[in-house]
Amino acid sequence: MLSWAGTTEMDPAAHAPRVWFVLDALGLVCATATWLLVMSEGVVLLCAWLLPVRHPAYSLVHGSLFYLLAFLALASHARTMLTDPGALPAGAPARPGPTPGGPHCPLCGAIQPPGAHHCSVCERCIRGMDHHCPWVNNCVGEDNRKFFLLFTLYTALAALHLLLLLGVPALRAYALGEWNLRTTVQPRGSLVFLFLVALKGFLFAAVMFTVQIHTILTDRTGIEPPQRQRGAPGLVSPWMNLKAVLGHRPSPAWISPFASPEPRAMSLQL
Ligand SMILES: [Zn+2]
Ligand SMILES: [Zn+2]
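Note that the structure is a prediction, hence the values are computed from the model and not measured.

Trainee: Help me understand the packing of helix 1 (residues 25-53) against helix 2 (residues 56-82) in this model?
Mentor: A pair of packed helices can be characterised by two numbers: the angle between their axes and the separation between those axes. Two elements in contact, helix 1 and helix 2, have axes separated by 11 Å at closest approach and are oriented at 175 degrees. By the criterion of interaxial angle, the relationship of helix 1 to helix 2 is roughly antiparallel. Mapping the contact onto sequence places Ala31, Thr34, Trp35, Val38, Met39, Glu41, Gly42, Leu45, Leu46, Trp49, Leu50 and Val53 in helix 1 and Tyr58, Ser59, His62, Gly63, Phe66, Tyr67, Ala70, Leu74, His77, Ala78 and Met81 in helix 2. Residues belonging to the contact of helix 1 with helix 2 are distributed by class as follows: 16 nonpolar, 6 polar and 1 charged.

Following this line, the structure appears as structure tokens:
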């Protein structure tokens, strides 16, 4: 198998692996690129904008806000990547005909509950599988969906902050007739790079966040048909669906990448 869970397939502790890391070349490249882009934004912002401004209060406020959002985005990314998304224990390959305990995956032999699908990258069946995302080098499933949602949220907010930070003064200069393409843009190629990276990051993360919120509120995943019924009694309201992902009681832990939500089944009972 390509994913490493810190335990062996025959180990009973495989139900709760302590470490989860997918060994996929594309995923490792994309996840590393994500970290490098966010960190390069931080360096360029500091060197080309916050320090040259020479206004300590301005630089302190906006620097603190951006670095806090970037830190939360990268922490959420790490939790998404390193959390078991809900891998089901692999079993013996299925034989033709009805099998006890429910349908068996023909590829890994796992007993598949509703909503579980086999991931060819992780080479495991994943509970509540939404999709396999190379940018976080992991499946997005039942047990790490909160962290992926927070990753898209904080990435979008950090990028939006950069867009406003750079875009508002430029718009103001344009409105006052002080905008000059030769003198304003050319000496500040690093700021143009920063703006374009932030724009791409914002569009990507905002779209992903919107899609995730919609599918969570409607209790669906990215690979399930719209008419699918999860089959959980009482799980009908968007509020219940949201609590099943973030935790049964609204609290600051909902927006913390360091707080793990209760298992889905436990949230549904509360
Ligand atoms: Zn499988
Ligand atoms: Zn996967």
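Trainee: Please clarify how helix 3 (residues 145-175) should be interpreted in this entry.
Mentor: Each full turn of the α-helix corresponds to 3.6 residues, which orients residues three or four apart in the same direction. With 31 residues, helix 3 ought to run about 45 Å at 1.5 Å a step, and its terminal C-alpha atoms sit 43 Å apart, in line with that. Downstream of helix 3 by a residue or two, Gly177 has a phi angle that is positive, lying close to 75 degrees.

Trainee: What's the story with the UniProt feature "transmembrane region" (unreviewed entry) in the protein in this structure? I'm lost.
Mentor: The positions that UniProt labels "transmembrane region" (unreviewed entry) are, in the present scheme, residues 21-51, 57-75, 147-171 and 191-211. Annotated as 100% helix and 0% strand, the span residues 57-75 places its first and last C-alpha atoms 27 Å apart. A distance of 35 Å separates the end C-alpha atoms of residues 147-171, which is 100% helix and 0% strand.

Trainee: How should the state of the cysteines be read in this particular structure?
Mentor: Think of a disulfide as a covalent bridge from one cysteine sulfur atom to another cysteine sulfur atom. Enumeration over the complete set of coordinates arrives at 0 disulfides. Left unpaired, Cys30 is separated from the closest cysteine sulfur, that of Cys133, by 8.2 Å. Taking relative accessible area as the criterion, Cys133 reaches 4% and is therefore assigned buried.

Trainee: When you look at the confidence of the model for the protein in this model, what are you seeing that I'm missing?
Mentor: When pLDDT is low, close inspection of the predicted coordinates is not appropriate. In the predicted model, the protein carries a mean pLDDT of 85, and the fraction of residues at 70 or more is 79%. Looking at the elements of the protein, mean pLDDT is at its lowest for helix 4 (residues 181-185), recorded as 53, and at its highest for strand 6 (residues 138-140), recorded as 98. Note that residues 6-15 has pLDDT below 50 and, in this model, 11 contacts with residues that lie over four places away or in other chains.

Trainee: Looking at this structure, I do not really get the coordination of the zinc ion (ligand 1). What am I missing?
Mentor: The textbook angles at a metal center are 109.5 degrees for a tetrahedron of four donors and 90 or 180 degrees for an octahedron of six. Coordination of the zinc ion (ligand 1) by the protein involves Cys105 (SG), Cys108 (SG), His118 (ND1) and Cys125 (SG), with metal-donor separations of 2.1 to 2.3 Å. Taken together, the 4 donor atoms coordinating the zinc ion (ligand 1) span angles of 98 to 123 degrees at the metal, a pattern that classifies the geometry as tetrahedral. Sequence spacing among the residues donating to the zinc ion (ligand 1) works out to C-x2-C-x9-H-x6-C. Highlighted residues: Cys105 in the loop between helix 2 and strand 3 (117-119) and Cys125 in strand 4 (residues 124-126), separated in sequence by 20 residues. Take Cys105 and Cys125: they sit in the same class, and that class is buried.

Trainee: Mind showing me how you'd approach the coordination of the zinc ion (ligand 2) here?
Mentor: Coordination of the zinc ion (ligand 2) by the protein involves Cys119 (SG), Cys122 (SG), His132 (ND1) and Cys139 (SG), with metal-donor separations of 2.2 to 2.3 Å. One way to put it: the 4 donor atoms around the zinc ion (ligand 2) meet at angles of 102 to 118 degrees, and that makes the site tetrahedral. All donors of the zinc ion (ligand 2) belong to a single chain; written as a sequence motif, their spacing is C-x2-C-x9-H-x6-C. Summarising the burial analysis for this pair, Cys119 and Cys122 share the class buried.

Trainee: Just checking my understanding: could you explain the nonpolar core for this structure?
Mentor: If you look at soluble globular proteins, the nonpolar side chains tend to sit buried side by side. Counting residues in hydrophobic clusters, the biggest one holds 22 residues, and the most contacted among them are Leu45, Trp49, Phe66, Tyr154, Leu162 and Leu194. Looking at this core, the elements with two or more residues in it are helix 1, helix 2, helix 3 and helix 5 (189-217). In terms of residue count, helix 3 provides more of this core than any other element does, 8 residues in total. The residues touching Trp49, leaving out its near neighbours within four places in the chain, are Val44, Tyr58, Leu165, Leu166, Pro169, Arg188 and Leu191. With 8 residues, the next largest nonpolar core counts Trp20, Cys119, Met129 and Cys139 among its residues.

What counts, and at which threshold
- Residues numbered from 1 in each chain as written.
- Chains lettered and ligands numbered in written order.
- Predicted model: local features only at pLDDT ≥ 70, side-chain atom pairs only at ≥ 80, totals over all residues.
- Heavy atoms only, no water.
- Axes fitted to C-alpha atoms, helices over the stretch in contact; angles between N-to-C directions.
- Helix = DSSP H or I, 4+ residues; strand = E, 2+ residues; numbered from the N terminus.
- Parallel < 35°, antiparallel > 145°, perpendicular 65-115°, else oblique.
- Contact = heavy atoms within 4.5 Å.
- Nonpolar A, V, L, I, M, F, W, Y, C, P; charged D, E, K, R; others polar.
- Expected span 1.5 Å × (residues − 1).
- UniProt positions renumbered as here; feature names shortened; annotations may be inferred.
- Disulfide = S-S within 2.5 Å.
- Buried < 20%, exposed > 50% of the residue type's maximum accessible area, 1.4 Å probe, protein only.
- pLDDT = per-residue confidence, 0-100.
- Donors = N, O, S within 2.8 Å, 3.2 Å for Na, K, Ca; no water.
- Tetrahedral: all angles 85-135°; square planar, octahedral: opposite > 155°, others 65-115°.
- Core = buried A, V, L, I, M, F, W, Y, C linked by side-chain atoms within 4.5 Å.

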